[in-house]
Structures are given as structure tokens and as C-alpha cells.
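# Structural characterization, general
Chain residues, written in single-letter form:
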Amino acid sequence: MWFREEEAIKLDGLSVAQMKELHEKAEKHAFQAEVNRMMKLIINSLYKNKEIFLRELISNASDALDKIRFLSVTDKEALAANPDMNIKIKADKENHVLHITDSGIGMSKDDLINNLGTIARSGTSEFLTKAGENDAQMQDLIGQFGVGFYSAFLVADKVIVTTKNNDDEQYIWESDAHSFSIVKDPRGSSLGRGTTVSLHLKQEAYDFLEPDTLKDLIKRYSQFITFNIFLWSSKTEMVEEPIEDEEEAAEAEKAEDEEDEDVSIEEEKEAKPKTKEVEKTTWDWDLMNGSKPIWTRKASEVSDEEYVEFYKQFTKDMEEPMGKIHFTAEGEVTFKSILFIPKKSTSDLLQNYGKKMEHIKLYVKRVFITSDFEQMMPKYLAFIKGMVDSDDLPLNVSRETLQQHKLLKVIKKKLTRKALDMIKKISDEEYEEFWKEYSTFIKLGVIEDASNRTRLSKLLRFITSSGEETPSSLQSYVERMKDKQEHIYFMAGSSKEEVASSPFVERLLKRGYEVLYLVDPVDEYCIQAMPEFDGKKFQNVAKEGLKLGDSEKSKERKEAMEKEYEPLLTWLKETALKEKIEKAVISERLSDSPCALVASQYGWSGNMERLVSSQAYAKKNDPTQNFYLNQKKTLEVNPRHPLVKELLRRVETDQDDLTTQDLAQVLFDTATLRSGYSLKDHVGFAARIEKMLKLSMNVSPDEKVEDWPEDLEDDEENEVKEGEEEEEEEEAEEEEVHEDHDEL
């Protein structure tokens, strides 16, 4: 059997007489007219990558095996000629020929003429028609267009097909892409049953004869084909062989005698045959697709250990996944999928955000098609790894581009929902680790994906003023809200310490309200993208709109304060800070600070201004950016603060006093800094602080700074030089006058 198999694989095993008979009896056929016109298109344009020829031929072989397996269900003798069900690939480097052999259904003479002589008339499609297209078992065949075979001409000048069908003799089909011939094989039924495709490779395609290249292509495109794929491979190992040559044996004995010269041996040892280590190369069929497609089984039938093993092999990750989901989607398009969450994020994942990430692999009937699909998963879920396998996904003839992008959108929608369900089911203990690794992606998802914003909002976690170190979910925050609290309060800044000490949270914390601390750069963008959560609107405590007292007594007290402080508020708005603030009002949010700058409801907070200004790719003098940066803010003053009380007294006494005006400027500057904004006039701020220090230390504001001695010496020298220069100029002028007088 082994000899016959080898003979079947090697076409050059024919004798001279058989080769002569082969060419004499061969029937010459011309391709149909449309075939000639399309052949150039197929070879030069249809397929982008030449390497996919192997994927197509293996897929055809798998189809052939599926067909004979289907027939064997009703016909027990269908497998009698060859019970093996596999695909074998062998490279003949000496003759530059690549052989792909399967033990499938094979082709009759008529099949060769009808199927290989006509493009786009697939044998698979013909077989489906005869067997009944509604038969679910037969829908598992890969080829549907009949042009995959011709991808062989991408790499081959000549293609020879040797095939044996149970109902016919063994035939040889040969073509150079221009015409083809068919002849009965003089070797008889050397295959038993099946097909061998022999590619006589072009010179630029010789790399496809290398074992490593073939292994890579098989594992990349066809590792999950149902049937075993074997590659004729060699391995080199060191073996012990007996020494037959007398001279070599004598030398070996001499070497042993020299080693044992100083050693006394009391007992005689049994004579052992002399051996030597030699390098030996052995050839055998090596299984290429040991990994089986576990997604074709029910999730309940797959163990956790199998999922972990599959994940590690599929992703080349050494660690176990944090989460997984295995499902079958049905509807407009049916597909099976397994998705994983890696335990650790890669360092470049955020840096390459928005770029193509080949983490989701698309298979059609277990044949790898591509991982280069931006539409398979939204950008913010780029960390998810997995695969999609569809039996009825419509592809074009090259299987490289989907014909209907609408179906891709359906797949993306279902994958996204399932991925979010998978994240939602992560345990609380593991979710802490997940949030450390992938929190930024979830927040970006809230910003970008309006359709899934509600689902994503339930995954958010933030540090709060509650004192807990573990970030809190929004749902937990809402459950802890005080009675009659209508808003979810949040404050954004660069660190927890900065936010906790902000003047904007002073009174809220004193009254027992919980505040979300947004300390990541993306946090404020994220919250702004959500109008509300669970019916509760968000309130930025650094902006207008914060109300803490709605009772009648609170309103009366506020009205009384506004009337009392009206002179100060008017003076600040119209005189002292006329060009710097929108208005001055009594504050409800301040407790310990004298004043604060508050942005309008649609303005930028101090944190947002800092983020926008620090962007590396920000456009200089951008009109929109300048509009927000130059917006005037509202100055809120704390009427219970002693500085504000003193300022009111001074305004009522003498509002034109320069010290009073300086005090108002300093209060404005400190409020700007406390509120997270940057100062525009740093030099003026420093000068006012120095003036205040002089007054507090009883130093006269007009007292000047002493000069350095060296500077004084330099000044004296400069004065002497200037005096000498002036004398020289005067003398020169006198000489000119005398000269003019003499001329007259």
C-alpha cells in the first residue's frame, strides 16, 4: 500500500513507454471562450495574495472528503477503495513540484471536463443541486464558486490533476492555463480513490516548496479543517549505529585502551558491540492541524481546560484569559464565535487606538479568511480576542472581501453585545483587575457608542468621596444618594488630592453629599457624553447650576445676603474686575474659601481647559478653542468669610482706595488658581503679592532695592567713559567751527 501511495504522489514514476502513451492518447480540449477571457483576471487581479492558493486547494480537498463521507452514510462501499480520510501535501524540491493529495470523492472524466474546464461552475454547487440544497449536512461544503482551483495558476506554470472516482477509471488532467488535456492514467488505479493536484511552480514561487513556508500557511489558513492534513517532513536526530568497518573498530578499540590504561579492571566485562553516534535524517507524514475547532461543539460540552488550551494556542498568550464567551448567533446571518478577554493589556494598545487590530479572525466553514476587518469589533473593544466562523457568509470569488457590508454590521452588533455581556459577568474580585487594565477603553466606548451607552455606563467605576479605596459603580452611588438628592455630583481634576481639596466640594462634603472624583484625563469627556444615569442627571460642581437649599428659609437668607452684599458685588463687576468676570454672586457651594471662579453650564472647567491646552496636536489660535478659553467666568464670593466681610466694609468706606483694589485683584487671582484655571498675568500677580508682603511687614511700598557693588562700579566706569566721549565730541565740534571760520 505504501509503495502504491508513493507512486500515486510522484507523477515522474511513469516509465518512458507510459509517458509516450500518455501524450499520444491525451484528449486535447480548449477552454470555453469565457474561460480564456477570465483566466487573466483570475491570475492577475482576483486574488491579492498569491499564498492563498494553498488555502483554496486544501478547501477543495476538504469538500471532496465531505462529499465521500456524505455518500458513505447510505453506501457502505463508498470508502472501500481507501478508508483513510485525509489530505497530504508533499514538496518535490528537485523537480519544483508541489503535490496536494486527498482521499475524497475524486472526479470522473466528465467531471474533469465540466468542472475544471468551466470557470464558476463549481463541482460543489453541482453536487449540492443533485443532493438537495436543503440538506443541512451538505451545507457544510466550502467552495461555492468554482474558481478557487484556478488560483493554482498564481504560482504554477502547469497544473496536473490525477483523480480516481469510484464510478470511473483513473484520469490525468493537465493544463498550462491556455488549454487542457485529459487522458486515462496508464498506471491504473494507483490512488484507489481521491485526487492529487501537482503544481509545477514558477521560479518566483519556489519558496512554497520550503517546509517552514508550507507549515506557516497551513496553520494560518487551514488549521481548523475537519480532516487531518499531513505534510511530508524530515527531521534530523543523532542515533547509535554499530561500527562495521574493521579499521574504524580498531581505532575505537585503541581509543578505549588509551582511556583505560591507568585503570585496573578486576572483573571481565561482557563484550559489547562497538557503536558510534551518527546524524540521521528521517522522513514521515507530520500532522499539521492537531487543533480542533472547539467552537463547532456546544459550549456545555467544552471544558474550561479546553478553552484555556485553545486560547493559549490561538493567541500565543502564556496566561489564562480573564473571561470568555462561546455562542451561536442566528438571524440574518448565522455564525459561531468564541471571544476572550486577555488578563493583561499590551503596552501599545492605547497608543495604536483606532488603528487596525487583527484580534478577531474570520473563518468561513473553518477556513481562515482574514483578520483585517475594522468592522468586526468597535475600536473601544480592540482588546477582545477571538474568532467568528460562519457557514453562510456571502463572500466574493476570492473569499477576501465581503459582498454585503450590511451583514458585517449585523455581526459587529452581535459581537459587541456578547462582548459587553461577557464583561458584565466578570466577578467582583476579577473586575478590579479588569478595570485597572481596560478602564480607559470602556470610557471611550461611552463617548463613541451611543447605542450601547446605557450598557457601558453600568460598567463604569470611579473613586468617590466616600473614603473607599475601591472604585464605585454608578449604580452603587445612586443607591447611597441622600433623600431628595436629584443630581449625581462630580468634580474633575488631575489627582484625588487636588479634587478632594477643591473649594467646589467644601460645602457638599460638609453636608454629607457623596462626590465622584474624576482623575483620569478621559473621565470628564466620558461623563459629559452621558445625559443621565438611572434617571439622575449629572452635575459638575465646578459649573453653574448647583443648588443646595430650596427651602423658604434658605431663599430668604440668600435674598438678605444678596441685598447686604450688593455694593461689593456691583463694585467687583463694574469697577475692580470689570474686564475679567461675567458677574459676581453670593455662593452656595463655598464653606472655607473666600471665593471661586465658576464656569457657565456649557463652558470649560479648569480641568477641561488644562486638558485642551496640553494637547500635542492642538491647533494654534483655533477660533473654537479661543472662544472657550476667553469666556468670562462667574465670581462666587463666600459672605461668611472674614476677608470678604472686610472687603465689603472697605468698599462701603472708600472704594477708590488702591489697597482695596489690589485686595480684590489678589482675591480674584487666588480664586483663579483654586478653581483650577491658569493665570494670564503672572508678573502682575507676583507684584501684587509682593506689595501685600511689604504692607504686612511694615516695609514702605516705595522703598527701592539696593544695587550690587559691582553694578555701582560698572556704573561709575560707564559715567567716566561717557564724560570722556562727551569732551572729545565737544573738542571736535570746536575744531570744525575754527576751520569754517578760517575758510570764511
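Residues numbered from 1 in each chain as written. Predicted model: local features only at pLDDT ≥ 70, side-chain atom pairs only at ≥ 80, totals over all residues. Heavy atoms only, no water.

## Some points on the overall build of the chain
Using the following cut-off: Counting from the N terminus, the helices are DSSP H or I runs at least four residues long and the strands are E runs at least two residues long. Any residue under 20% of the maximum accessible area for its type is buried, any over 50% is exposed, and the rest in between are partly exposed; the area is computed with a 1.4 Å probe on protein chains only. Contacts: residue pairs with any heavy atoms within 4.5 Å of one another. All accessibility values rest on the Shrake-Rupley procedure with a 1.4 Å probe; residue burial counts only the protein chains present in the view.
Counting secondary structure elements, the chain contains 24 helices and 23 strands. Buried positions account for 45% of the 744 residues belonging to the chain. Restricting to contacts in the chain with at least 6 residues of sequence separation, those with at least 24 account for 74%. Approximately 41900 Å² of the chain is accessible, and the part contributed by carbon and sulfur atoms is 47%.

## A closer look at the sheet that holds strand β22 (residues 595-598)
Applicable threshold: Any two strands with at least two DSSP bridges between them are considered paired. Orientation is described by axes fitted as lines to C-alpha atoms, over the contacting stretch for helices, and by angles from 0 to 180 degrees between their N-to-C directions.
Strand order in the open sheet formed by 3 strands is β21-β23-β22, with mixed pairing between adjacent strands. Of all strands in the sheet, those with a lone pairing partner are β21 (581-586) and β22, marking the two edges. When strand polarity is set aside, the average angle formed by the axes of neighbouring strands in this sheet is 25 degrees. Contacts between helix α18 (residues 566-576) and the sheet are confined to β21 and β23 (633-637), with β21 contributing the most and set at about 170 degrees to the helix.

## Description of the sheet that holds strand β12 (residues 360-364)
The strand order across the open sheet formed by 5 strands is β10-β11-β14-β12-β13, and the pairing between neighbours is mixed. Strand pairing shows two members of the sheet lacking a second neighbour, β10 (323-329) and β13 (367-370), which therefore form its edges. For this sheet, the mean inter-axis angle between neighbouring strands, taken without regard to orientation, is 20 degrees. As defined by bridge partners, β10 adjoins strand β11 (residues 335-341) across 7 bridges and the pair is classed as antiparallel. From the neighbouring strand, Gly323 faces β11, where its bridge partner is Ile341. Lying over the sheet, helix α9 (residues 304-315) contacts β10, β11, β12 and β14 (385-390), oriented at roughly 85 degrees with respect to β11.

## Some details on a negative patch on the surface
Put simply, the test is: In this analysis, a patch consists of residues with relative accessible area above 30% that form no salt bridge, clustered at 9 Å for like charges and at 5 Å for the nonpolar side chains Val, Leu, Ile, Met, Phe, Trp and Tyr. One speaks of a salt bridge when a side-chain nitrogen belonging to Lys or Arg is within 4 Å of a carboxyl oxygen belonging to Asp or Glu. Under the counting rule used here, the positive set is Lys and Arg, the negative set is Asp and Glu, and His together with the chain ends is not counted. For this purpose, a charge sits on NZ of Lys, CZ of Arg, CG of Asp or CD of Glu.
Taken together, the side chains of Glu725, Glu726, Glu727, Glu728, Glu729, Glu730, Glu731, Glu733, Glu734 and Glu735 present a region of like negative charge at the surface. Topologically, Glu735 is positioned in helix α24 (residues 709-743).

## Here's the deal with the pattern of salt bridges
Once their charged atoms are close, side chains differing in charge can pair, the charge on each being opposite to the other. Taken as a whole and assessed by the stated rule, the structure comprises 23 salt bridges. Here Asp592 ties to Lys510 by a salt bridge, and the two come within 3.5 Å at their closest N and O atoms. Separated by 82 residues along the polypeptide, Asp592 in the loop between β21 and β22 and Lys510 in helix α15 (residues 506-510) bring together distant segments of the chain. According to the relative accessible area criterion, Asp592 is partly exposed, its value standing at 48%. Take Lys510: its relative accessible area is 59%, and that puts it in the exposed class. Between Arg649 and Glu646 there is a salt bridge whose closest N-O contact spans 2.5 Å. Taken as a pair, Arg649 and Glu646 lie in helix α21 (residues 642-654) at a separation of 3 residues, close to a single helical turn. Judged by relative accessible area, Arg649 falls into the partly exposed class, the value being 44%. Sharing partners across several salt bridges, the network here consists of Glu51, Asp216 and Arg220.

## Considerations on the pairing of β12
Where burial is concerned, most of β12 is hidden: 4 out of the 5 residues are buried. Note: β12 against β14, 5 bridges, orientation parallel. Bridge pairing links Lys361 to Met387 in β14. Between β12 and β13, which pair antiparallel one after the other, the connecting turn spans 2 residues, and Lys365 there sits at a positive phi close to 55 degrees.

## Section: the packing of aromatic side chains
As a reminder of what qualifies: Between rings of Phe, Tyr and Trp, where Trp is taken as its six-membered ring, a pair exists when centres lie within 6.5 Å; planes separated by under 30 degrees are stacked, by over 60 edge-to-face, and by other angles tilted.
Applying the stated criterion across every chain yields a total of 26 aromatic pairs. With centroids separated by 5.6 Å and ring planes inclined at 70 degrees, the aromatic side chains of Phe149 and Trp173 adopt a geometry described as edge-to-face. Here Trp173 lies in strand β5 (residues 170-175) and Phe149 lies in the loop between α6 (123-131) and β4 (156-164), a separation of 24 residues in the sequence. Among the residues examined, Trp173 registers a relative accessible area of 0% and is labelled buried. Look at Tyr353 and Phe441: their rings are 6.2 Å apart centre to centre, the planes differ by 50 degrees, and that puts the pair in the tilted class. Of the two residues, Tyr353 sits in the loop between β11 and β12 while Phe441 sits in helix α11 (residues 428-448), which places them 88 residues apart along the sequence. The exposure class assigned to Tyr353 is partly exposed, which follows from its relative accessible area of 22%.

## Description of a positive patch on the surface
Among the surface-exposed residues, Lys413, Lys418, Lys424, Lys425, Arg455 and Lys458 lie close enough to one another that they form a single positively charged patch. With respect to the helices and strands, the residue Lys418 is situated in helix α10 (residues 405-424).

## Quick word on the confidence of the model for the chain
This is how it is decided: pLDDT is defined as a per-residue confidence score from the predictor, taking values between 0 and 100.
Looking at the chain as a whole, the pLDDT averages 82, with 80% of positions reaching at least 70. Contacts of residues 261-269 to residues separated by more than four positions or lying in other chains number 0 contacts, the stretch itself having pLDDT below 50. This stretch, residues 396-400, has a pLDDT under 50; its non-local contacts, to residues over four places away or in other chains, come to 25 contacts.

## Quick word on the nonpolar core
Put simply, the test is: Put simply, buried Ala, Val, Leu, Ile, Met, Phe, Trp, Tyr and Cys residues joined by side-chain atoms within 4.5 Å make one nonpolar core.
Ranked by internal contacts, the top residues of the largest apolar core, which has 75 residues, are Leu339, Ile341, Phe383, Ile423 and Phe434. Discounting chain neighbours no more than four positions away, the residues touching Phe434 are Met322, Ile341, Phe383, Ile423, Ile426, Ser439 and Ile442. Core analysis: the next-biggest nonpolar cluster, separate from the first, contains 62 residues, Ile89, Phe224, Ile294 and Tyr307 among them.

## Comments concerning the environment of Ala64
Within the secondary structure layout, Ala64 lies in helix α4 (residues 52-74). Exposure remark for Ala64: the relative accessible area of 10% places this residue in the buried category. With 39 residues separating them in the primary sequence, Ala64 and Ser103 have C-alpha atoms 7.9 Å apart. Dropping the residues within four chain positions of it, Ala64 is found in contact with Asp102, Gly104 and Ile105.

## Quick word on a nonpolar patch on the surface
Where nonpolar side chains cluster on the molecular surface, the patch consists of Leu693, Met697 and Val699 and spans about 280 Å² of accessible area. Along the chain, Met697 turns up in the loop between α23 (682-696) and α24.

## Structural notes on the packing of helix α22 (residues 658-674) against α23
Rule in force here: Under this scheme an angle from 65 to 115 degrees is roughly perpendicular, one under 35 degrees roughly parallel, and one over 145 degrees roughly antiparallel; angles in between are oblique. What makes a crossing left-handed is the near helix being turned counterclockwise from the far one by less than a right angle; a clockwise turn instead makes it right-handed. Throughout, the ten residues Ala, Val, Leu, Ile, Met, Phe, Trp, Tyr, Cys and Pro are labelled nonpolar, Asp, Glu, Lys and Arg are labelled charged, and all others, Gly among them, are labelled polar.
For the pair α22 and α23, interaxial distance at closest approach is 10 Å and the crossing angle is 125 degrees. Here α23 runs oblique to α22, going by the angle between their axes. Of the two elements, α22 crosses α23, and the hand of that crossing is left-handed. Contact residues: Thr659, Asp662, Leu663, Gln665, Val666, Asp669 and Leu673 in α22; Phe685, Arg688, Ile689, Lys691, Met692 and Leu695 in α23. Broken down by class, the residue content of the contact of α22 with α23 amounts to 7 nonpolar, 2 polar and 4 charged.

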